[in-house]
Amino acid sequence: MKNKNIVFTLLFALFAVLLPLFVKAPYQMHILILIIIWSVIGTAWNLLGGYAGQVSFGHAAFFGLGAYAAGLLKFHYDISPWWGMLLGPVAASVISLPIGLICFRLRGPYFALAMLALGEIFRLLFTNLTSFTNGARGILIMPEITGKMFYYYLGLAMLALTLLTTYLIVHSKVGYYLVSIREDQDAATSLGIPTTRYKNYALLPSAFFTGLAGAFYMNYVAFIDPNIVFNLSNVSVMVILVVMLGGVATTWGPTVGAAMYIFLGELFRTTLGSANVLVFGILVCLIIMFLPNGVVGEINILMKQAAARKKTSLAGGA
Amino acid sequence: MVLFGQTVICGILLGGMYALIAIGMTLIMGVMKIINLAHGALVMVGMYVTYVCFKEFGIDPYIGMFLAMPVLFFIGCLIQKYMINRLVEVDSILPENQVLLTVGIMLVLTESARLIFKSDYRSVATSYSSKVAFLGDMSISVPMLTGFFIAMIFTLILHLFLTKTDIGRSIRATAQDRDAAVYMGVNSSRITMITFGIGSALAAAGGSLLLPLFYLFPDIGHLFTAKSFIITILGGMGSTMGAAVGGLVLGIAESLGATYISMGYKDIVGLVIFLLVLLFLPGGLKSIVKR
Amino acid sequence: MSYFEVKDITKKFGGLTAVSSLSFTVEKGEIFGIIGPNGSGKTTVFNLISRFFPLTAGEIYFKGKRIDQLPAHKICEIGIGRTFQVVKPLRRMTVLENVMAGAFLRTNSMGRARHRAEEIIDFCGLTRYKEREAKSLPIPLRKRLEIARALATGPELLLLDETCAGLNPKESEEAIELIRKIRDTGITIIIIEHIMKVMMGISDRILAINFGRQIALGKPQEVANHPEVIKAYLGDAYA
Amino acid sequence: MLKVQGIDVSYRDIQVLWDVSFEVNEGELVVLLGANGSGKTTTLNAISGLLPVKKGTIEFLGQDITKLPGYKVAELGIIHVPEGRRLFPEMTVRENLEMGSLFPEAKAKRKETMKKVFELFPVLEERQNQEAGTLSGGQQQMLALGRGLMALPKLLIMDEPSLGLAPVLVKQIFEKVKDINGQGVTVLLVEQNVVQSLNLCHRAYVLENGRVILQGSGKELLEDPHVKEAYLGM
Amino acid sequence: GGGQGAKKEEVKVGVILPLTGSEAMFGEMEKNSFEMALEELKAAGKAAIGGKEIKLLFEDDQGKQDVAKSAAEKLVNQDKVVMLTGGYSSACSNVIAGSAQAMNIPFLVVTGSSDDITKKGWQWVFRGAAAPASKYTGALWDMIEKVVKPKNVALIYENTDFGTSSAKAFRADCEKRGINLVFDQAYEHGAIDFKPMLANMRSTNPDMIFAVSYVMDAAMITKQMKELDFNVNLFVGGGAGYTMPEFKENAGSASEYVASTTLWVPNVAWPGASDYFNKYKQKYGKEPDYHGAQAYATMYIIADALSRAKELTNTGIQKALKETDMMTIMGPVKFEDWEGYTNQNKPTTYVVQWQKGKLEVIWPENVKSAGYVYPVPKWRER
Ligand SMILES: Nc1ncnc2c1ncn2[C@@H]1O[C@H](COP(=O)(O)OP(=O)(O)OP(=O)(O)O)[C@@H](O)[C@H]1O
Ligand SMILES: Nc1ncnc2c1ncn2[C@@H]1O[C@H](COP(=O)(O)OP(=O)(O)OP(=O)(O)O)[C@@H](O)[C@H]1O
Ligand SMILES: CC(C)C[C@H](N)C(=O)O
Ligand SMILES: [Mg+2]
Ligand SMILES: [Mg+2]
């Protein structure tokens, strides 16, 4: 079982690394890069929302902070926004500490909506603090590197780092503790788990990688404004969509979800004219209705069932 | 003093409007625990129904409301019965997976409205749209005042309905333990369907009452969804009275913020108050209202 | 100073006093029973010890240290494990994973946690159900899982809240066996149970409470014959 | 009155009940015995329409109720006091009781029945405005029973009603069950208090690994060597 | 790649517009105008460039800028368009401009008014029918100096790119002229209630208000001023909101005497302007506003440049665009470098005023369609 996973992962990595040999067109590369960005955000959200069960409606806050960390370096100090790839995730992580302090006192929908409120507060602050952020006029840069290949491989490295980190966290004591907290917080406490601290252990990397994706986004898309990177429906809610389409609390779910979100969205957009969002909406409804655990989630369930059946049939034979 | 008075009056009336928009959410999210991101879109659909009644048949929005409500009741029932209900029955890792479904529904409703009505901004100008009463130098918008009273009446009716009638109690019971409700002879699927229907109808009512003084286009729902969430939580999930008070608190906070800080920061003021309430009254305002 | 001591603890819920200046001590290695009518405050006592509720008044000492100010998770860390009367399994985790979640308190290594969990699962007779998701277990097995999970945290003092409820007499015997076995590993136990047969059989001493106050304390037989206990709890003399 | 004939029941693909048959006659008090996980709760849930029956039939008062949805079964007068209480935790005690009497006849007599329930369990009257979720375990059990009685059931199904109750209350509950039965309500009872329930009942069935392996009057089963060995630990 | 063989050869132009999402109304209007203009060009035989028909490829940007980037990439790389146009919001226009610059493809901005777009020295980006946000007030300042001469002015603006850019320029202009800015606040669009802000503003006693608002906020603001009985000598809107048919419809009688700066009105003197208005209204059953006119004019600029291009390559078209000197319904268009702008047409601006339900040009005086009403009568005296 475990070996199968490793083989699959290696094959996938090989595929991803070699893909540009076959897909050379900049437009296709662009789509792949968008998928990578969303995979990273999704994987990061999944750690907090999926594994630890703390559904956040405010991840745009971290995404925006990461993006602005990169953008403001350029805007105020004319420092290459690539340094944002360091500063962005750090800024997002630092901010996540007080956010955790406030929000982790709350549970369930109260937590979700408190995060929503914080995300909105950040959007409004970045819109209104014009002298610091340039407000709604946003930050426009001319990227130093325009070739897609560079962004693709950098993004891929970023995704690999995110996946690996979450994988290691999830398959460790911390991971067990996070899932325990999700399943029953009182029971977790009774097992000596400092729940708030462990939630922070999930929030911190989650914010970190979301911020990293934000900084990458700034460098890649080259323009941000508060309404874009702190957007409630287009970032905070979409990341939930990405994770749930793919499969909550699964390693590959967010990546699969991101691929579906970007690829199908783009397919519909370029073929269906102004009905594209309608069709996409219908598809989202159908997927979640018929695959309520997301694509990867449902596959995992099927595999588990198959394994159980195999076991019982073996036992029966013996 | 006039400024302060005017601000508070505005806040209270705005709070009434907020309560009106949020009251359906109180039922759907507060009582049934369904985080419904399509709420604003349902308000929007209700507004279009009222709009059509007005433009095509000259029916006043206050009367059109009584047409929009059954229409939305029906739509809500269908959504619950054929879509959301499927998810209630599966055991998934995050019960919030219905959130995604409501995102899909939101997109479908919004884009369907765009297909039918185009993206044009529309509005309904009634004779009373801009009616005002003056209290000294302070002006009071008549349609807002009406909306305020209707919001309070709806709140009261809903509160009585939920606590004093068998259907109301069955709604709450089903939300708390579906199987146990069945043991008591409650047709829980029907009850959930009706609840979503009522919630949607109330969303429509909010939209209809807002129509004479606001405007309408397919994406207007976004404005309402977040506010409704905040009010419902502020009130303390499922408490109708709490939600009404939550609406008022938010309205007054925003108005004071707009006057004394800046219009750009008014929403921040509202959100900060929201966070403070959550932190210091973890059960929301209902813990005060109740006692 | 006693091994474990509760001193004048009081808990009020609004106007209701659930526990009212209650004091008792437990010695190392003892099985200490608590009985009392429904709603007399037994579970509340556990919740106070394990800090799920803050005390309204009073003090709690464990091995000479005052512990009533510690946060809930620390209580477990210093060696006080508990089960819940209304069971709280980690529903979508398997029995093994549930117990591992407990075992991680004393180790950071996956391998060691797993090993420890397997030992405890064997010890508690749950081996058959190791790979089952906790949500599919019937309630009595969930209760046993609660015990296993609490044991995995390596407690010195274990609080068991009605872990035998719902067992038939035969199964109760088995449960008693298990509890004895736990005690024999050197763990001190405070137990709440309504099945008098169980309580009489294993407790070294029994505390009977009513309305959050002590009504009797002593050897099982003494308590069972205490008139107030009979009146409030047993109905008629336990024979 | 209730006739269960050869039912099979499964959870997803794990079969739990195999060809289970038994009857409850009008006015009887029938007990279902069995070890943990033997399928008692599953049987009861199949009767009250919460689980689909794969094979076999269930009849109530001559009507086939095998495929009836749960709420309709309740409407016919089969009231289930479930295992684990299943109260409405955020509703008050009084509201929980009111939820028990939704059908017209029961509703008409709501006040009187509630008075009777309060006589049976005075603590419920004291706590009538407390949220059910904050009651003590035993209080919750009383409320669950009271709520079942509120429906004026024809057949009362009780799944381990004495669970978690103080001895004095266990006795009371058994007495009340007997009283209720004496007043003409048919009772199907699942209990782990083997001796007491066998002493009380007219007839009993023993379920093992999802199959009925024994049946007889209470006295007969009390004397049965297998029962003695497996359930009484003698 | 012209490997289309037997298929009729086409010159493909990519048009990126918001066709879904909250900006879709303008996207639809601009798409209609593009199509209408292209039909006219075809009818006049001007849509064939060396035997190749101009073909417009529309892409929906959903009002999201990463989608706009996808659309730009796709149009250029996949569909091989010869140039790009469109971009409604400043955000999307910014991103498309950046991509176009990176891909060396000419991009002609239709509406996006962010100052930055043409201030980056980007040689592939052109803005013809639209003005930089800070330049919308040319005619207004002329009128303020000659007629209004206010002492105390209040400024409110939506906290978007267009709003903040306009406000910034207006603030600087006030300072230069020593006009007191007694009130200066941004707001978030979509509010139900602007009264706290308005009441607060009233307490500063301004003679004139300059308000930069999109669409319906404009109506809400003026309506609520009336409800508050808040009088000023002149209320001037900046840009979009105050000139639209929806504004009049929603604000009702409160729209009377509201003035606004604008880039275009149907009854402006430029040839073809009113024809466009009437034809559009007839064809689509709805009055267009200046956004439609911008798209319509842009189509003509494109056709003109393509027809003059020596070769249909990026550099060929870039050069042709650079040499543009033509008349459109938006006025004369020339792409010039001035005041730090690159390839930016010098806009002509107007002040208009709602009079008896009609939008009349009141400034500059040489093109006025009606005399201005100033100071405007108090609400209670109307
Ligand atoms: N969170 C709470 N809020 C209000 N009252 C509570 C709360 N928890 C417990 N109580 C009350 O405190 C009293 C003691 O409850 P507790 O659960 O300790 O009883 P118990 O002795 O464990 O009873 P049982 O044997 O039935 O489990 C009861 O009256 C109960 O209703
Ligand atoms: N939801 C479920 N999914 C899968 N298996 C289940 C589920 N519920 C019960 N089972 C299994 O069905 C069998 C019978 O369970 P049931 O609850 O009917 O037993 P019971 O006789 O009532 O036991 P108890 O005395 O413990 O209440 C058990 O093996 C149990 O593990
Ligand atoms: C509508 C115009 C006034 C402004 C333009 N849409 C922009 O966002 O820049
Ligand atoms: Mg208890
Ligand atoms: Mg059972």
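Owing to the predicted nature of the structure, the values given are computational and were not obtained by experimental measurement. (Residues numbered from 1 in each chain as written. Chains lettered and ligands numbered in written order. Predicted model: local features only at pLDDT ≥ 70, side-chain atom pairs only at ≥ 80, totals over all residues. Heavy atoms only, no water.)

Caption draft 1: Here's a closer look at the overall build of chain C. Scanning chain C for helices and strands turns up nine helices and 10 strands. When the accessible area of chain C is evaluated, it comes to approximately 9100 Å², of which 51% is carbon and sulfur surface. Distance from the positive charge centre (35 side chains) to the negative charge centre (27 side chains) of chain C: 5 Å. (Helix = DSSP H or I, 4+ residues; strand = E, 2+ residues; numbered from the N terminus. Areas by Shrake-Rupley, 256 points an atom, 1.4 Å probe, with all protein chains shown as cover. Lys, Arg positive; Asp, Glu negative; His and termini not counted. Charge placed at Lys NZ, Arg CZ, Asp CG, Glu CD.)

Caption draft 2: A look at the site of ligand 3. Residue and element names in this part refer to chain E. Looking at ligand 3, the residues that line it are Tyr88, Ser89, Ser90, Thr111, Gly112, Ser113, Tyr136, Phe162, Tyr214, Ala240, Tyr290 and His291. A distance of 2.4 Å is found between an oxygen atom of ligand 3 and a side-chain nitrogen or oxygen belonging to Ser90. Within the side chain of Tyr214, one N or O atom sits 2.9 Å away from an oxygen atom of ligand 3. For ligand 3, whose free accessible area comes to 280 Å², the fraction covered by protein is 98%. Its residues assigned to classes, the shell around ligand 3 comprises six nonpolar, six polar and no charged. (Near = heavy atom within 4 Å. Polar contact = N/O pair within 3.5 Å; in protein donor to acceptor, adjacent residues only side chain to side chain. Nonpolar A, V, L, I, M, F, W, Y, C, P; charged D, E, K, R; others polar.)

Caption draft 3: Examining the coordination of the magnesium ion (ligand 4) more closely. All names here are of chain C. The coordination sphere of the magnesium ion (ligand 4), as far as protein atoms go, consists of Thr43 (OG1) and Gln85 (OE1), spread over 1.8 to 2.1 Å. Of this pair, Thr43 sits in helix 1 (residues 42–49) while Gln85 sits in the loop between strand 6 (80–82) and helix 3 (95–103), placing them 42 residues apart in sequence. You can call Thr43 partly exposed: its relative accessible area is 24%. Classification of Gln85 by relative accessible area gives buried; the value is 14%. (Donors = N, O, S within 2.8 Å, 3.2 Å for Na, K, Ca; no water. Buried < 20%, exposed > 50% of the residue type's maximum accessible area, 1.4 Å probe, protein only.)

Caption draft 4: Focus on the interface of chain B and chain A. With 43 residues of chain B at the interface, the matching set in chain A holds 44 residues. Approximately 3800 Å² of surface area, both sides summed, lies buried where chain B meets chain A, with 84% of it carried by carbon and sulfur atoms. Considering only the side of chain B, the residues that lose the most area to chain A are Ile93, Leu94 and Leu100 of chain B, jointly responsible for 17% of the buried surface there. Taken together, the connections running from chain B to chain A amount to zero salt bridges. Across the contact surface, chain B and chain A share three residue pairs in polar contact (both at pLDDT 80 or more). Looking at the side of chain B that touches chain A, the elements that each hand over two or more residues are helix 3 (61–88), helix 4 (97–117), helix 9 (221–235) and helix 11 (266–280) of chain B. With 12 residues, helix 4 of chain B is the largest single contributor of residues to the side of chain B that touches chain A. A breakdown of the residues in the side of chain B that touches chain A according to their chemical character gives 30 nonpolar, eight polar and five charged. (Contact = heavy atoms within 4.5 Å. Buried area = accessible area lost by both parts, 1.4 Å probe. Salt bridge = Lys/Arg side-chain N within 4 Å of Asp/Glu carboxyl O.)

Caption draft 5: Quick peek at the site of ligand 2. Residues and elements named next belong to chain D. Taken together, 17 residues form the shell around ligand 2, and within it Asn36, Lys40, Thr41, Thr42 and Glu83 come nearest. Between ligand 2 and Ser38 there is a distance of 3.2 Å, counted from an oxygen atom to a backbone nitrogen or oxygen. One of the side-chain N or O atoms of Gln192 is found 3.2 Å from an oxygen atom in ligand 2. Across the complex, the protein chains shield 80% of the 640 Å² of accessible surface that ligand 2 would expose by itself.

Caption draft 6: Up close: the coordination of the magnesium ion (ligand 5). Residue and element names in this part refer to chain D. Within the protein, the magnesium ion (ligand 5) binds to Thr41 (OG1) and Glu83 (OE); these donor distances fall in the range 1.8 to 2.5 Å. Separated by 42 residues along the polypeptide, Thr41 in helix 1 (residues 40–47) and Glu83 in the loop between strand 6 (78–81) and helix 3 (93–100) bring together distant segments of the chain. For Thr41, a relative accessible area of 21% puts it in the partly exposed group. On the basis of relative accessible area, Glu83 is assigned to the partly exposed category, the value being 23%.

Caption draft 7: Spatial organisation of the domain arrangement of chain C. All names here are of chain C. Here the domain parsing of chain C yields domain 1 (4–79 + 155–238) and domain 2 (89–154). Centre-to-centre, using C-alpha coordinates, domain 1 lies 24 Å away from domain 2. Taken together, the contacts link 18 residues of domain 1 with 12 residues of domain 2. Approximately 1300 Å² of surface area, both sides summed, lies buried where domain 1 meets domain 2, with 71% of it carried by carbon and sulfur atoms. On the domain 1 side of the interface with domain 2, the three residues burying the most area are Pro155, Thr163 and Leu178, jointly 35% of the side's total. Run the count over domain 1 and domain 2 and you get four residue pairs in polar contact (both at pLDDT 80 or more). Residue assignment for the side of domain 1 that touches domain 2 shows that the elements contributing at least two residues are helix 2 (72–77), strand 7 (157–161) and helix 6 (169–184). (Domains from an automatic or database assignment.)

Caption draft 8: Structural context of the packing of aromatic side chains. Throughout the structure, instances matching the rule amount to 58 aromatic pairs over all chains. Grouping aromatic residues by their ring pairs yields a cluster made of Tyr121, Phe214, Tyr215, Phe217 and Phe224 of chain B together with Phe26 and Tyr88 of chain E. Above the face of the Tyr341 of chain E ring, Lys119 of chain E is positioned so that its terminal group lies 4.8 Å from the ring centre. The ring of Phe134 of chain B has Arg380 of chain E lying over it, and the distance from NZ or CZ to the ring centre is 5.0 Å. (Phe/Tyr/Trp six-rings, centres within 6.5 Å; stacked < 30°, edge-to-face > 60°. Lys NZ or Arg CZ within 6 Å of the ring centre and 35° of its normal.)

Caption draft 9: How the structure looks around the UniProt feature "transmembrane region" (unreviewed entry) in chain A. Within this numbering scheme, the UniProt entry marks residues 7–23, 29–48, 60–77, 83–104, 150–170, 201–223, 235–263 and 275–295 of chain A as carrying the feature "transmembrane region" (unreviewed entry). Here residues 83–104 of chain A runs as 91% helix and 0% strand, with 31 Å between its end C-alpha atoms. (UniProt positions renumbered as here; feature names shortened; annotations may be inferred.)

Caption draft 10: Representation of the arrangement of the chains within the structure. Once contacts are tallied for each of the eight pairs of chains in contact, the highest total is for chains A and B. For chain C and chain E, which are not in contact, the least C-alpha distance works out to 38 Å. There is no contact between chain D and chain E; across them, the least C-alpha separation is 36 Å.

Caption draft 11: Representation of the packing of helix 10 (residues 290–308) of chain E against helix 11 (residues 314–322) of chain E. Residue and element names in this part refer to chain E. Packing of helix 10 against helix 11 brings their axes to within 8 Å, and their N-to-C directions diverge by 120 degrees. Classified by the angle between their axes, helix 10 and helix 11 sit oblique to one another. The crossing of helix 10 and helix 11 is right-handed. The segment helix 10 lies against helix 11, with Ile301, Ala305, Leu306 and Arg308 engaging Ile317, Ala320 and Leu321. Of the residues assigned to the contact of helix 10 with helix 11, the class counts are six nonpolar, no polar and one charged. (Axes fitted to C-alpha atoms, helices over the stretch in contact; angles between N-to-C directions. Parallel < 35°, antiparallel > 145°, perpendicular 65-115°, else oblique. Left-handed = near helix turned anticlockwise from the far one by under 90°.)

Caption draft 12: Expanded view of the side chain of Gln128 of chain D. Residue and element names in this part refer to chain D. Within the secondary structure layout, Gln128 lies in the loop between helix 6 (122–126) and helix 7 (137–149). Using a relative accessible area of 17% as the deciding quantity, one classes Gln128 as buried. Here the side chain of Gln128 touches Glu125 through a polar contact of 3.2 Å, landing on its backbone oxygen. Each residue touching Gln128, except ones within four places of it in the same chain, is listed here: Thr92, Val93, Arg94 and Phe118.

Caption draft 13: Up close: empty space enclosed by the protein. Residue and element names in this part refer to chain E. A full pass over the atoms with the stated rule returns eight cavities of 30 Å³ or more. Of the voids in this model, the second largest cavity is the one considered here, and its volume is about 110 Å³. Along the wall of the second largest cavity there are 15 residues; nearest its centre are Val232, Phe235, Val376, Trp379 and Arg382. Across the lining of the second largest cavity, the residue classes break down as 10 nonpolar, two polar and three charged. (1 Å grid on protein atoms, 1.4 Å probe; cavity = no way out; pocket = protein on both sides within 12 Å on 5 of 7 lines; lining within 4 Å. Points joined across faces, edges and corners; volume = space filled by probe spheres on them.)

Caption draft 14: Up close: unusual backbone geometry. Pro364 of chain E follows Trp363 of chain E through a cis peptide bond whose omega is -5 degrees. In this chain, Tyr374 of chain E is followed by Pro375 of chain E through a cis amide linkage whose omega measures -15 degrees. Among the secondary structure elements, Pro375 of chain E is positioned in the segment after strand 17 (358–363). Although it is not a glycine, Lys63 of chain C adopts a positive phi angle of roughly 50 degrees. Of note, Lys63 of chain C is situated in the loop between strand 4 (57–62) and strand 5 (65–66). One non-glycine residue, Tyr257 of chain E, adopts positive backbone phi at about 75 degrees. In this fold, Tyr257 of chain E is placed in the loop between helix 8 (245–251) and strand 11 (259–262).

Caption draft 15: Region of interest: the sheet that holds strand 9 (residues 208–212) of chain E. Residues and elements named next belong to chain E. Spatial ordering of the open sheet is given by 8-7-9-10-11-16-17, a layout of seven strands whose pairing is mixed. The open sheet has two edge strands with one neighbour each: strand 8 (180–187) and strand 17. Sheet twist, expressed as the mean angle between neighbouring strand axes with direction ignored, is 25 degrees. Note: strand 16 (residues 350–355) against strand 17, five bridges, orientation antiparallel. What sits directly across from Trp354, in strand 17, is Leu359. Running over the sheet, helix 4 (residues 138–148) touches strand 9, strand 10 (234–238), strand 11, strand 16 and strand 17 and is turned about 70 degrees from strand 17. (Pairing = 2+ DSSP bridges.)

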